[in-house]
Each structure stands twice: as C-alpha cells, then as structure tokens.
Amino acid sequence: MRKQLSKSWLTSLFWLRFLIIILLVIGVFVRFVNIDKKVYWGDEVFSSLRISGYMQSEMNEQLSNGSLLTIKDLSKYQYPNSEKNTIDTIKGIIVEDSQILPLYILMTRFWVQHFGDSVAAVRSFSAFISLFTFPFIYLLCEELFGSSLIGWMSIALVAVSPVEVVYAQEARAYSLWIVAILMSSFAMLRAMRLKTKVSWWIYSATLVVGFYTHIFFALVALAQGIYVITIEHFRLNKTTIDYLISLFAGFITFVPWLWIIITNPQPQAVAWANAKQTFFGSVERWAGILSRAFLDLGISPSDSGKIKFALIPFVIIIFALILYSIYILCRSTPKKVWLFVLTLIGSLGLPLFILDFVFQKRYATTRYTLPLTLGIQLAVAYLLTTKLTSISPKVWQRKLWLLVVFMIITSGVISCSLNLQAKIWWNQFPEKYQEYPKIANIISQGNQPLLISDSGIIPSIQMLGHLVDPKVQFQIVKKNSLPEVTNGFTDIFLFNSSDYLKAGIEKIYNSKLQQINYLLWKVTKST
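Only a predicted model underlies this, so the values are computations on that prediction, with no experimental measurement involved.

A word on empty space enclosed by the protein. One pass over the structure, following the stated rule, counts four cavities of 30 Å³ or more. Looking at the largest cavity, its volume works out to about 70 Å³. Its residues assigned to classes, the lining of the largest cavity shows three nonpolar, four polar and three charged. Here the second largest cavity is characterised by a volume of approximately 50 Å³. Listed by contribution, the elements that provide at least two residues to the lining of the second largest cavity are helix 13 (217-231) and helix 19 (335-357). Partitioning the lining of the second largest cavity into residue classes produces four nonpolar, three polar and no charged.

Given below as structure tokens:
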C-alpha cells in the first residue's frame, strides 16, 4: 500500500512540475502580448514626461501658445531626445515630482534610448523587469521554506497572477518594486543564515535598490528590521549588529533624496488620497485588493453594483483561502518562517488598513499593497504544496486540493486573457478615461481634423496624442485665451474646453457647437 502511494506521489510530482513549466511559459507570454493595446493613461504619460527630461512647466510654456501642433510636437515631451540628458531627467524629478524615486525613470530612459520610443518599447521594460520575479521568488522560497517545490508553486501563482500581469504592462515602477522586495527579502534571509560580511553587504545593496524604487519600500525595510530583531530575541548580538550596519549603509545613500522630498514636497501628487470614503467604500476597495492576486475581471468603481454583488461569493472564497493559508502556515512552520510572511503582509497592509478604516482615507490601492499580495502568495503556495505532496491515504483530500489548484490557475488564466483583450482596465482610471479611445476614433475619422483645447496638456492632450491618427493637429491655448482662426481644416473639435473657449470659438468661427459627449464638441456651420 505504501509503495503504491509513493509511486502515485512521484507521478503527481512529475505532472505538477510539468504544469508549472507550462504556466511559466504562459506567464512570460501574457506579460508581452498586446502590450501596446491599452490606453497609455495619465500616470504613464507623466512617466514619459519624466523620461524625456523636460519639465511640465517647459512643456506648458512651449505648447500652450495657440500655435498649430502635430503629434511629433507632442511626442517631443514623451521620449528622450538630444536636447535633454540624464541630468535634466533627474532635475525634472527633483523640481516637479520629488516623491517619484528616480531609479525606474533612469533605467527606462536608458532602455528606450536603445530599444525605441514606442508605447510598446516603454512598457516592455516593466514586462522585462517583471521576469525577474520568477527567479527571486523561487530563491526566497528555498531560503525561507527550504523547499524547491514551494518555490515552483510560487512561480506558478505569480506567473498568472492578474495583479502582477497588470503592472508588468504599465510604464510605472511597480514591477521593479516587486523585484526589489523579493530581492531584499532573499538577501536578508541568506545573510542571516550565512552570517558573512559579503552577504550583509549584498543585502545593503538591495536596500539601496528598494529605497530608490518606491517611497513605500521604507515600510518594507522597517518590517524586515522588526523580523530580524524579533528572531534574534531583541538581543544586540552579531546578527543584529550586522543587520543594523547594513541598514545604515543602505539608508545613508537614500538620505540625499529623502532631504529633497522633505524640502521640496509635492502634496498635490497624493491629494486624491485625502478624500474621505465610507466604511463600505473601504470594504469594496479591500475586497478588490485581496482578490486581484487570483481573480480579476476588470471591475472598477464605475461598474454597477449588480456586477460587484455577483462577485461576492468569489471574494469570500478567496478570503477564506487566504485566512486558511495563513492559519496552516502559522501552525505548521517555525517562527522564523511564519513571522517573515506576516511581517511582509503587515508592512503595508497594516498601516494602509488603519488609514482606510480608522481615518477614512484612500491610500490603500492595489499598487501600494503589493507587499501584502506577495506575502499572501507565499502563504498560499505553502498551503497548496504541502497539501498536494503529503502522503495521505485519503484520496479525496488530494483530489480536493488538485481541484483548488486547478481553480486558482484557471481564474488567473481567464483574468489575464480578459485583461489582454481590453482597451482599458481598472488600474487606468476607467471612470475618467474610458471615453478617450472613442473620442480619438471620432477625431481621427476627419480628413483634416483640428483639436482645440484649453485643458491641461498633461495628461489629457498627451493621452490623446498616443491615440489619434498622425494627421490630427492640435491647438492649445491657456485659460481665458482664444486661438487665432485657422483655415484648411475640414473638421474642428473642442476637447474638455471651458465655457469661455466654447463661446469664443462660436463667435470667431461664426459657427455652432455640436456636443458629441461630455468632453467633445464639434464646430458646425451656423444656420
């Protein structure tokens, strides 16, 4: 009987590894396919502005003067060119976006200079960086659990994890942040085991990468410190001293930029987070945060309540799986294992949960809770691996957990498939930008179209610049200003314009405005 079980276990192990390799291939595929299909949305055009080396003030001054602009004129402020260098890029971040850490921007600028300046090229850097998630989560699992099988299971989960695929196709720093978290976690655990100076200096180097990738990495580093001190029983021994030296060495390199953030704050960059929300609003947001690690159907705040209500059973099942995974982890593993996972989960999860439910803020977003997602995935990977590889005479239990694995993988693959076919997804602020592809299509249908606007060039006009046909020209004016009359255009549109500009256009063109939607008007001949 035992020999038969052992043979069955080995067969299951073979098929498990084979499945994971298939999923790894799928994971690579879904990170790159249709990478330029979605709207290049507001946050991404800001990233491209920083990559170009120009400041927003420069762009506004040079483009908002009423002159005729082509797509090429707009693109000048979205991609690197000979007029601006790396120093200009850093200067732009310092002056206008100090809360944006420079490492991702500088690396992407280098990437674009060598691989082209298309949307696909810019986003492909995030996709490429996301591939490092696979080796580092594997190494972390080997170091933490001492198990390659859990490492492979973790790879399978992150390969088709909807949230990781979403950020792998976005021109922002979140894929790099995920890699930095995994890399520093692995380096810390390895240093604690080896206790060599070289291993601690490697950990220090990973801290530098993390600090210069995302501002919230500081909370991850704090959680790592709590973990080390707790495991060492709050004693100032060799491991604790080596850790503190490494932390100091990593942090001291970040002090110059920290000083820049303090002396040149950009409170408007996070003004959206100060809007109060209801308790049920917080519950809805956290349901999305927790479920998107395994299931993502593209639901956004603008979707109907009926759709959200229909997803409640799935959210409850995922939440139960997470809780049970954490329970089994804490019950079955040593303190050094479960404490690491809990501190990773709590590093951002706990403070953002408090801000949401106690202070009614909106800081908790999926992109800020990525450490929480990684911790959950580690716990679930441990649960699934131990259940599938345990030599148990109860066949129905193994079949049950095989079904659970199948459902998790299937939900991930379906989620990724839906994401790849969409033109806009929940992370791209669809309640604000979902009309932009339609607007761009309407404008592009004209023979010689002109778009007039007095709204901000970034993000709105730059977003449209990535969507419309190259034949479209633009005329941007400042508030309370009117453009000069231009001839030779067959179709003239107003986009997101003030009442002053609308009235002025009707007068100087001796025309009427036909409203197409809440953002777009077309100039028509007066009858």
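Past the structure itself, the notes keep going.
When its volume is computed, the second largest pocket comes out at roughly 420 Å³. Around the second largest pocket, the lining is made up of 15 residues, and of these Phe314, Ile317, Ile318, Met407 and Ile408 lie nearest the centre. Listed by contribution, the elements that provide at least two residues to the lining of the second largest pocket are helix 18 (312-332) and helix 21 (395-421). If one sorts the elements of the lining of the second largest pocket by residue count, helix 21 sits on top with six residues. When grouped by side-chain class, the residues that make up the lining of the second largest pocket number 14 nonpolar, one polar and no charged.

Turning our eyes to something else, we now look at the pattern of salt bridges. This model, assessed by the stated rule, comprises 13 salt bridges. Note that glutamate 58 and lysine 84 form a salt bridge whose closest N and O atoms lie 2.9 Å from each other. Residue glutamate 58 is found in helix 3 (residues 56-63), and its partner lysine 84 is found in the loop between helix 4 (71-75) and helix 5 (86-96); the two are separated by 26 residues along the sequence. Classification of glutamate 58 as partly exposed rests on a relative accessible area of 23%. Note on lysine 84: relative accessible area 16%, which makes it buried. Across the pair lysine 522 and aspartate 491 runs a salt bridge, and its minimum N-O distance is 3.0 Å. Placement of the pair is lysine 522 in strand 6 (residues 520-525) and aspartate 491 in strand 4 (residues 491-495), with a sequence separation of 31 residues. Classification of aspartate 491 as buried rests on a relative accessible area of 13%. Among the charged side chains, a salt-bridge network with shared partners connects Arg50, Glu96 and Asp97.

Procedures and definitions
Residues numbered from 1 in each chain as written. Predicted model: local features only at pLDDT ≥ 70, side-chain atom pairs only at ≥ 80, totals over all residues. Heavy atoms only, no water. 1 Å grid on protein atoms, 1.4 Å probe; cavity = no way out; pocket = protein on both sides within 12 Å on 5 of 7 lines; lining within 4 Å. Points joined across faces, edges and corners; volume = space filled by probe spheres on them. Nonpolar A, V, L, I, M, F, W, Y, C, P; charged D, E, K, R; others polar. Helix = DSSP H or I, 4+ residues; strand = E, 2+ residues; numbered from the N terminus. Salt bridge = Lys/Arg side-chain N within 4 Å of Asp/Glu carboxyl O. Buried < 20%, exposed > 50% of the residue type's maximum accessible area, 1.4 Å probe, protein only.

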